[in-house]
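Residues per chain are reported as follows:
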Amino acid sequence: YAREKKSAHKPVDLTAVVTAAAENFRHYEEYRKYSPELLISAVPGALVSGDPLELEILLINLMKNAARAMKSETRRPLQVSVRTVDQYVFLTVEDAGPKLDDKDFRRLTEASDSTDPAGLGLGIVRGIADAHGALMTVKHAEPHGVIFEFRFDRVNETSTDSSDSGSQNNTTTTSDIHKGAADE
């Protein structure tokens, strides 16, 4: 992914982006190969200023990385959530991969680095998050795995036109478990 110029940002329903990314993730090798169980939890009204395609790329990169990390983990799902708190929208991606040692965990928190020697995905994720003014934090999940959390500024719903935002007026709170490809 190479961005030639800054894209025009507009109000985007992050819940709709997560739904689209989850559906499109099913077409990637990492989903077909590792068949992660995917748990989506998202609230309506999670509007942020951004580019929906770039935000979907951010999510798909994180889901691909998580699926590779969780390749042998079947007890816990790959979790993606969207929640709002005051003037912020939080996007969280939590995997159930192995517990990272301090060295590998530090690499995740450093700019443009990855625990995958061939990985460019986290550099892309950081670039997209930065372009959207999102604060990215990386934490250990318990008992193992990693949590990526992004804090976006929330866009006021009354100042947006839903036809421009890509949002759906009938979006509701979702809690869907998508079984892995092998389970379908």
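Model, not experiment: these values are computed from the prediction. (Residues numbered from 1 in each chain as written. Predicted model: local features only at pLDDT ≥ 70, side-chain atom pairs only at ≥ 80, totals over all residues. Heavy atoms only, no water.)

A. Spatial organisation of the side chain of Asp51. With respect to the secondary-structure elements, Asp51 resides in the loop between β3 (47-50) and α3 (52-69). Here Asp51 is buried and forms no salt bridge, its nearest opposite-charge partner Lys10 lying at an N-O distance of 7.7 Å. A distance of 2.9 Å separates a polar side-chain atom of Asp51 from the backbone nitrogen of Leu53. If near-sequence neighbours (up to four positions away) are discounted, Asp51 is found in contact with Ser7, His9, Val12 and His132. (Helix = DSSP H or I, 4+ residues; strand = E, 2+ residues; numbered from the N terminus. Buried < 20%, exposed > 50% of the residue type's maximum accessible area, 1.4 Å probe, protein only. Lys, Arg positive; Asp, Glu negative; His and termini not counted. Salt bridge = Lys/Arg side-chain N within 4 Å of Asp/Glu carboxyl O. Polar contact = N/O pair within 3.5 Å; in protein donor to acceptor, adjacent residues only side chain to side chain. Contact = heavy atoms within 4.5 Å.)

B. View of the environment of Leu100. Structurally, Leu100 can be placed in the loop between β5 (88-94) and α4 (102-109). Look at Leu100 and you get buried, because its relative accessible area is 19%. Expressed as a C-alpha distance, the spacing of Leu100 and His140, which sit 40 residues apart in the sequence, is 8.0 Å. Beyond its immediate stretch of four places on either side in the chain, Leu100 contacts Phe105, Leu108, His140 and Val146.

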